[in-house]
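# Chains, contacts and geometry: an overview
What follows is the residue order along each chain.
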Amino acid sequence: MRCVQLYRWQIPMDAGVVLRERRLKTRDGLVVRLTEGEREGWGEISPLPGFSLETLEMAQHAAIDWLQAWRQGSALPLPALPSVAFGLSCALAELADELPQAADYRAAPLCTGDPDDLVLRLADMPGEKVAKVKVGLYEAVRDGMVVNLLLEAIPDLHLRLDANRAWTPLKAQQFARYVNPDYRSRIAFLEEPCKTRDDSRAFARETGIAIAWDESLRDADFAFVAEPGVKAVVIKPTLTGSLEKVKAQVAAAHQLGLTAVISSSIESSLGLTQLARIAAWLTPDTIPGLDTLNLMQAQLLRCWPGSELPCLDSTMLEPLL
Ligand SMILES: O=C(O)CCC(=O)C1=CC=C[C@@H](O)[C@@H]1C(=O)O
Ligand SMILES: [Mg+2]
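- The name an unreviewed UniProt entry gives the protein chain is o-succinylbenzoate synthase, with Trabulsiella guamensis ATCC 49490 as the organism.
- The record in UniProt for the protein chain states the following under Cofactor (unreviewed entry): "a divalent metal cation".

### Looking at the pattern of salt bridges
- Taken as a whole, this structure holds 19 salt bridges when the rule is applied.
- Here arginine 8 ties to glutamate 57 by a salt bridge, and the two come within 3.1 Å at their closest N and O atoms. Here the residue arginine 8 occupies a position in strand β1 (residues 2–12), and glutamate 57 occupies one in helix α1 (residues 56–71), the gap between them amounting to 49 residues.
- By relative accessible area, which is 21% here, arginine 8 ends up partly exposed.
- Of the charged contacts, one joins glutamate 94 and arginine 277 as a salt bridge, the two residues approaching to 2.9 Å between their closest N and O atoms. Taken together, the residues span a long stretch of sequence, with glutamate 94 in helix α2 (residues 82–95) and arginine 277 in helix α9 (residues 269–282) at a distance of 183 residues.
- For glutamate 94, a relative accessible area of 8% corresponds to the buried category.
- Three or more residues joined by partner-sharing salt bridges are found here, namely Arg165, Glu192, Arg197, Asp219 and Asp221.

### Some points on the site of ligand 1
- Close to ligand 1 lie 15 residues, the nearest being Lys132, Asp162, Asn164, Lys236 and Ser263.
- Side-chain polar atom of asparagine 164 to an oxygen atom of ligand 1: 2.7 Å apart, as the coordinates give it.
- For ligand 1, whose unbound accessible area comes to 400 Å², protein coverage reaches 94%.
- A majority-of-atoms criterion places ligand 1 in the largest pocket.
- Among the domains, domain 1 (2–99 + 307–319) and domain 2 (110–294) are the pair contributing at least three residues each to the shell around ligand 1.

### A look at the coordination of the magnesium ion (ligand 2)
- All of the protein donors around the magnesium ion (ligand 2) are Asp162 (OD), Glu191 (OE) and Asp214 (OD); their distances to the metal are 2.0 to 2.2 Å.
- Donor residues for the magnesium ion (ligand 2) sit on one chain with the sequence pattern D-x28-E-x22-D. Of this pair, aspartate 162 sits in strand β8 (residues 157–162) while aspartate 214 sits in the loop between β10 (211–213) and β11 (230–235), placing them 52 residues apart in sequence.
- By relative accessible area, which is 0% here, aspartate 214 ends up buried.

### Observations regarding the layout of surface pockets
- Considering only enclosed or pocket space, the largest pocket measures out at about 850 Å³ in volume.
- If you go around the largest pocket, you meet 35 residues; those closest to its centre are Val18, Leu19, Lys134, Leu137 and Asn164.
- Taken together, the elements giving at least two residues each to the lining of the largest pocket come down to β2 (18–19) and β7 (129–134).
- Considered class by class, the residues forming the lining of the largest pocket number 16 nonpolar, 8 polar and 11 charged.
- Of the residues that make up the lining of the largest pocket, three or more belong to each of domain 1 (2–99 + 307–319) and domain 2 (110–294).
- If you add up the space inside the second largest pocket, you get close to 440 Å³.
- Taken together, 22 residues line the second largest pocket, and the ones lying closest to its centre are Tyr105, Ala107, Arg121, Asp291 and Trp304.
- Of the residues in the lining of the second largest pocket, the class split is 11 nonpolar, 5 polar and 6 charged.
- Structurally, the lining of the second largest pocket is a two-domain feature, drawing no fewer than three residues from each of domain 1 (2–99 + 307–319) and domain 2 (110–294).

The rules behind each value
Residues numbered from 1 in each chain as written. Chains lettered and ligands numbered in written order. Predicted model: local features only at pLDDT ≥ 70, side-chain atom pairs only at ≥ 80, totals over all residues. Heavy atoms only, no water. UniProt positions renumbered as here; feature names shortened; annotations may be inferred. Salt bridge = Lys/Arg side-chain N within 4 Å of Asp/Glu carboxyl O. Helix = DSSP H or I, 4+ residues; strand = E, 2+ residues; numbered from the N terminus. Buried < 20%, exposed > 50% of the residue type's maximum accessible area, 1.4 Å probe, protein only. Near = heavy atom within 4 Å. Polar contact = N/O pair within 3.5 Å; in protein donor to acceptor, adjacent residues only side chain to side chain. Areas by Shrake-Rupley, 256 points an atom, 1.4 Å probe, with all protein chains shown as cover. 1 Å grid on protein atoms, 1.4 Å probe; cavity = no way out; pocket = protein on both sides within 12 Å on 5 of 7 lines; lining within 4 Å. Sits in = over half its atoms within 2 Å of the grid points. Domains from an automatic or database assignment. Donors = N, O, S within 2.8 Å, 3.2 Å for Na, K, Ca; no water. Points joined across faces, edges and corners; volume = space filled by probe spheres on them. Nonpolar A, V, L, I, M, F, W, Y, C, P; charged D, E, K, R; others polar.

Here it is as structure tokens:
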């Protein structure tokens, strides 16, 4: 017999989380539980405001329609909304034992503010040292100085940078001018430096700093092609869709010799631990971009190893189905 449960949850965010110029006070989403006989599978559906095109209400409606049909034994295709397709496909994969348990809990530490904090965290990081720094929020000159400071302080560090398309070509050049040329090769990649893909390509060509596509993967005309200067693609499954689609994108990237980085859309610890498993499974050689749990004030259902945040259980969630 098949059973379904759907819960709605809300977790307060740390003060000061700003996404696309909007303060995110709470993270809201759904979790789904499918059971069939002895087996169960969980999934998280949490469209990210400012990034996902669907709202939580749209996701909830689509999830309920699909779940009601599934409960009755129908094999409906997964809904088109990416967050819904992702969450349901994770639940189905757990149910069918297709999502391996082994997880990659190394997360590239994320720095949005104080570089001294990052230096302290990196000192404790075993193995390959990779961190991610947000740029484009302050003056380009300050960003350049922070990058120099970190790469100088930690000689075996590689940095991922993310400008979220904030720079004009001039600003991007100002940034590059401030980065010591000897350090440029230790910038693993810079995500989306400029507003247009052409400007970002020109930046890579002119500066020798490798770039990565993130937002571009959601552009209607985006295609996976090998291009000079493009080193990686950032794959955010909640914004991508089903696990099948995530697998296809990772395979397309690897085929072209691109690094594929499985990355967070600020899911709860339930979604993040699943992303850590997806990363261990599909991109075992690449540290995933999953260091977003500490932006939240609590975990949900499954805990991230070592996190001291309290963990909410299903009695603390609002049941919808
Ligand atoms: O990629 C990572 O290491 C962490 C996730 C991350 O940086 C992001 C998640 C969601 C929205 C954005 O603010 C940001 C990004 O643009 O990549
Ligand atoms: Mg990004």
